[in-house]
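Descriptive analysis of the structure
Here's the letter readout for the chains.
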Amino acid sequence: MARVLVLYYSSYGHIETMAHAVAEGARAADAEVDVKRVPELVPEQVARASGYKLDQAAPIATVDELPGYDAIIFGSGTRFGSVTSQLRNFIDQAGGLWARGALNGKVGAVFTSSATQHGGQESTILGYLPTLMHLGMIAVGLPYAFQG
Ligand SMILES: Cc1cc2nc3c(=O)[nH]c(=O)nc-3n(C[C@H](O)[C@H](O)[C@H](O)COP(=O)(O)O)c2cc1C
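In this report, the structure presented in the accompanying data block is examined.

Focus on the pairing of strand β4 (residues 107-113)
In terms of residue burial, β4 counts as a mostly covered element, since 6 of its 7 residues are buried. Note: strand β3 (residues 71-77) against β4, 7 bridges, orientation parallel. Of the residues in β4, the one forming a bridge with Gly75 is Phe111. As paired strands, β4 and strand β5 (residues 138-139) are joined by 2 bridges and run parallel to one another. The partner of Val107 across the bridge, within β5, is Ile138.

Digging into the layout of surface pockets
Quantified by volume, the largest pocket comes out at close to 750 Å³. If you trace the largest pocket, you find 21 residues lining it, with Val110, Phe111, Ile125, Gly141 and Leu142 closest to the centre. Breaking the lining of the largest pocket down by element, the ones donating at least two residues are α1 (14-28), β4 and α5 (121-134). With 6 residues, α5 is the single largest residue contributor to the lining of the largest pocket.

Topic: the site of the ligand
Around the ligand there are 15 residues in total, and Ser10, His14, Thr78, Ser113 and Gly119 lie nearest to it. One of the backbone N or O atoms of Ser11 is found 2.8 Å from an oxygen atom in the ligand. Contact distances for the ligand include 2.8 Å between a nitrogen atom and a backbone N or O atom of Phe80. Starting from 650 Å² of accessible surface for the ligand in isolation, the protein chains cover 80%.

Regarding the side chain of Ser76
Within the secondary structure, Ser76 is located in strand β3. Exposure remark for Ser76: the relative accessible area of 1% places this residue in the buried category. A polar side-chain atom of Ser76 sits 3.0 Å from the main-chain amide nitrogen of Thr84. In this structure Ser76 touches Tyr9, Ile15, Val83, Thr84, Leu87, Phe111, Thr112 and Ser113, once residues within four positions along its chain are discounted.

Looking at α5
If you check which residues of α5 are buried, you get Thr124, Tyr128, Thr131 and Leu132. Axial view of α5: buried residues confined to an arc of 100 degrees, hence all on one face. Structural note: α5 exposes Glu122, Leu126 and Met133 on the side pointing more than 90 degrees away from its buried face. Within two residues after α5, Gly136 carries a phi angle of roughly 80 degrees, on the positive side.

Quick word on the environment of Gly141
With respect to the helices and strands, Gly141 occurs in the segment after β5. Residue class for Gly141 comes out exposed when judged on its relative accessible area of 57%. Spatially, the C-alpha atoms of Gly141 and Ile125 are 9.6 Å apart, while their sequence positions differ by 16 residues.

The rules behind the values
- Residues numbered from 1 in each chain as written.
- Predicted model: local features only at pLDDT ≥ 70, side-chain atom pairs only at ≥ 80, totals over all residues.
- Heavy atoms only, no water.
- Buried < 20%, exposed > 50% of the residue type's maximum accessible area, 1.4 Å probe, protein only.
- Helix = DSSP H or I, 4+ residues; strand = E, 2+ residues; numbered from the N terminus.
- Pairing = 2+ DSSP bridges.
- 1 Å grid on protein atoms, 1.4 Å probe; cavity = no way out; pocket = protein on both sides within 12 Å on 5 of 7 lines; lining within 4 Å.
- Points joined across faces, edges and corners; volume = space filled by probe spheres on them.
- Near = heavy atom within 4 Å.
- Polar contact = N/O pair within 3.5 Å; in protein donor to acceptor, adjacent residues only side chain to side chain.
- Areas by Shrake-Rupley, 256 points an atom, 1.4 Å probe, with all protein chains shown as cover.
- Contact = heavy atoms within 4.5 Å.
- Arc of directions from axis to C-beta.

Written as structure tokens, this is what we have:
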């Protein structure tokens, strides 16, 4: 059975909701799925003042756990047309995995949400693909034939 990690960052809960939907889909395809998130970087006072959803059930992931999965599906909201600094910071700690090719050949995918229809969803996802390539992952997206 394939082991899949849905790894996300979410300020307001949109990506959190999507992460659990992604996990449900992977489970329906008989994968063993964990949903985890990356640590918050915004100071707690600022996060609370900004109305962040701080009560999220998913445990915090560590970089060392990543090689234990066959596939990693990354989720992040769009921030000025790119992925969040929280996800970026987490993956910036994966230099050791990169150096020893620990994620080579594993499947990688990315999902995002934005506030506006043309707010940068595609640039967020496309901007993350070189990271998957550097890590040796095989990038997979929704095929055009998908009717959803
Ligand atoms: C600092 C910041 C920058 C954002 N930049 C964009 C953007 O470039 N385009 C857009 O459409 N939405 C933008 N948004 C909105 C979020 O991407 C959007 O609400 C997303 O669904 C939030 O997901 P989350 O609740 O999981 O964090 C931004 C939000 C914040 C807080």
